[in-house]
Amino acid sequence: MTIRVGIVGATGYAGEALFDILLRHPSAAITGVYSRSGDRRAFSELFPRFKGRTGVICSPLDVKKIVNDSDAVFLSLPHTVSMELVPHLVKAGKKVIDLSADYRLRDPAVYRRFYKIKHKDAGNIKRAVYGLPELYRAKIKTAGLIANPGCYPTAAILALFPLLALGAAEHSPLIIDAKSGASGAGKNPSGDMMFSEVHDDFRAYKVNCHQHAPEITQELTRVSGKKTGVIFVPHLLPLTRGILETIYLRSLPGQKRSTGSLVTLYKKFYKTEPFVRIKDAGSFPRLKETAGTNFCDIGIQADGADIIVISAIDNLIKGAAGQAVQNFNIMYGFPETTALL
Ligand SMILES: NC(=O)c1ccc[n+]([C@@H]2O[C@H](COP(=O)([O-])OP(=O)(O)OC[C@H]3O[C@@H](n4cnc5c(N)ncnc54)[C@H](OP(=O)(O)O)[C@@H]3O)[C@@H](O)[C@H]2O)c1
């Protein structure tokens, strides 16, 4: 079976990563790529690394064409743009994997507060499945609309899922000290993302008010069954790609944990997950070891009541395009690792 796939927003960072992965997918044929700036130019002209590997032409964003040319559609658009398209695609019976934040938050009021705009397609929020396979694999199998998780939330939720799901640590406060490379902000040029501003610098931004905080809270609250309190501070690394998060939490009163016991717990918990790797005691994730892969690496250290969990992903792969293809594989019943290992 070959699935015709369209990539909307293909000229962006995550769109290009999607193209790269899907080109290698034995059961996907890229039948359309869409954007504003790349209109009617060969994709291999826009991205010479694909020369000799594809003849696909970039089209303007035309819903009718997308519907006609695709069975499944990856939306790699900025938030607020996705929700203009999704209702048409869902109505036409297409399977949609949306990489933006438009369908991740269950409560439209929270969306409005953090994204500064009223949601225009609240009806489809209920239909969307949060596309974190490690949590929602069963629901993803039958979903028509996937809200692909944010990059920071992917690393945070996977790091905390075992402890909170098993009730093995305090659910609040969860202190998340996060760092990302500059590609996390997308391709849109802005003064403070210029090379000369990012290079040789390291800074915090959106301190405890980043739009990914409610997404992390929402999912960890569901996992733990208790309202979690998240303190989330993102930082900008002078690197192109990668996310590393150092997370601090406490064990339950009277329950002191050892590093060894937690490493064992995590290894058992994620034993069957193809894309979560747990480090041995005393060893911790490095961005270099996850770059270009769909893996989330996790390291754990416990000292009395203090627990530290460190996770790393490639923001463009497990944090975006790789996870989107992982969801695609699950939706169509392909081996989950297809085109991702
Ligand atoms: N970057 C990451 O690490 C990451 C991780 C997880 C999720 N995401 C999410 O994935 C989505 C894409 O991110 P990105 O980093 O790839 O962004 P990006 O580099 O800025 O790319 C955005 C894409 O959308 C297109 N686009 C922008 N505005 C449009 C409009 N009004 N109408 C039609 N097309 C438009 C752009 O094409 P033009 O050439 O026409 O401008 C480009 O192809 C975002 O929602 C982002 O939040 C990104």
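This write-up is about the structure you can find in this document. As the structure is a computational prediction, the values presented were derived from the model and not from experiment.

### Description of a positive patch on the surface
Working step 1: Among the surface-exposed residues, Arg113, Lys116, Lys206 and Lys227 lie close enough to one another that they form a single positively charged patch.
Working step 2: Following the sequence through the fold, Arg113 ends up in helix H5 (residues 108-115).
Working step 3: Residue classification places Arg113 among the exposed positions, given a relative accessible area of 56%.

### Description of the side chain of Asn327
Working step 1: Here Asn327 shows up in helix H13 (residues 317-332).
Working step 2: There is a polar contact of 3.0 Å between the side chain of Asn327 and the backbone oxygen of Gly131.
Working step 3: Contacts of Asn327, omitting those with residues within four sequence positions, involve Ile97, Gly131, Pro133, Ile140, Ile146 and Asn148.

### Comments concerning the sheet that holds strand S4 (residues 72-75)
Paired through their backbone hydrogen bonds, the strands of a sheet run either parallel or antiparallel.
Working step 1: The 7 strands are arranged S3-S2-S1-S4-S5-S7-S6 in an open sheet whose pairing can be described as parallel. If you trace the sheet from one side to the other, it starts and ends with strand S3 (58-59) and strand S6 (129-130), each paired once.
Working step 2: Where S6 meets strand S7 (residues 145-147), 2 bridges bridge the pair, whose relative direction is parallel. Paired with Tyr130 across the strands is Ala147, a residue of S7.
Working step 3: Each of strand S1 (3-8), strand S2 (28-34), S4, strand S5 (95-98) and S7 is contacted by H13, which is oriented at about 160° to S5, the strand it contacts most.

### Some words on the environment of Pro253
Working step 1: Position of Pro253 among the secondary structure elements: in the loop between strand S11 (243-250) and helix H11 (259-269).
Working step 2: Taking relative accessible area as the criterion, Pro253 reaches 66% and is therefore assigned exposed.
Working step 3: Once the C-alpha coordinates of Pro253 and Ser27 are considered, the two residues, 226 residues apart in sequence, prove to be 51 Å apart.

### Considerations on the pairing of S5
Working step 1: Note that S4 and S5 share 4 bridges and pair parallel. Pairing of Val73 across the sheet is with Val96, part of S5.
Working step 2: Bridge count between S5 and S7: 3 bridges; the pairing is parallel. Of the residues in S7, the one forming a bridge with Val96 is Leu145.

Definitions and limits used
Residues numbered from 1 in each chain as written. Predicted model: local features only at pLDDT ≥ 70, side-chain atom pairs only at ≥ 80, totals over all residues. Heavy atoms only, no water. Patch = residues over 30% accessible without salt bridge, like charges linked within 9 Å, V, L, I, M, F, W, Y side chains within 5 Å. Areas by Shrake-Rupley, 256 points an atom, 1.4 Å probe, with all protein chains shown as cover. Salt bridge = Lys/Arg side-chain N within 4 Å of Asp/Glu carboxyl O. Lys, Arg positive; Asp, Glu negative; His and termini not counted. Charge placed at Lys NZ, Arg CZ, Asp CG, Glu CD. Helix = DSSP H or I, 4+ residues; strand = E, 2+ residues; numbered from the N terminus. Buried < 20%, exposed > 50% of the residue type's maximum accessible area, 1.4 Å probe, protein only. Polar contact = N/O pair within 3.5 Å; in protein donor to acceptor, adjacent residues only side chain to side chain. Contact = heavy atoms within 4.5 Å. Pairing = 2+ DSSP bridges. Axes fitted to C-alpha atoms, helices over the stretch in contact; angles between N-to-C directions.

On their own, these measurements won't tell you what the molecule is for.
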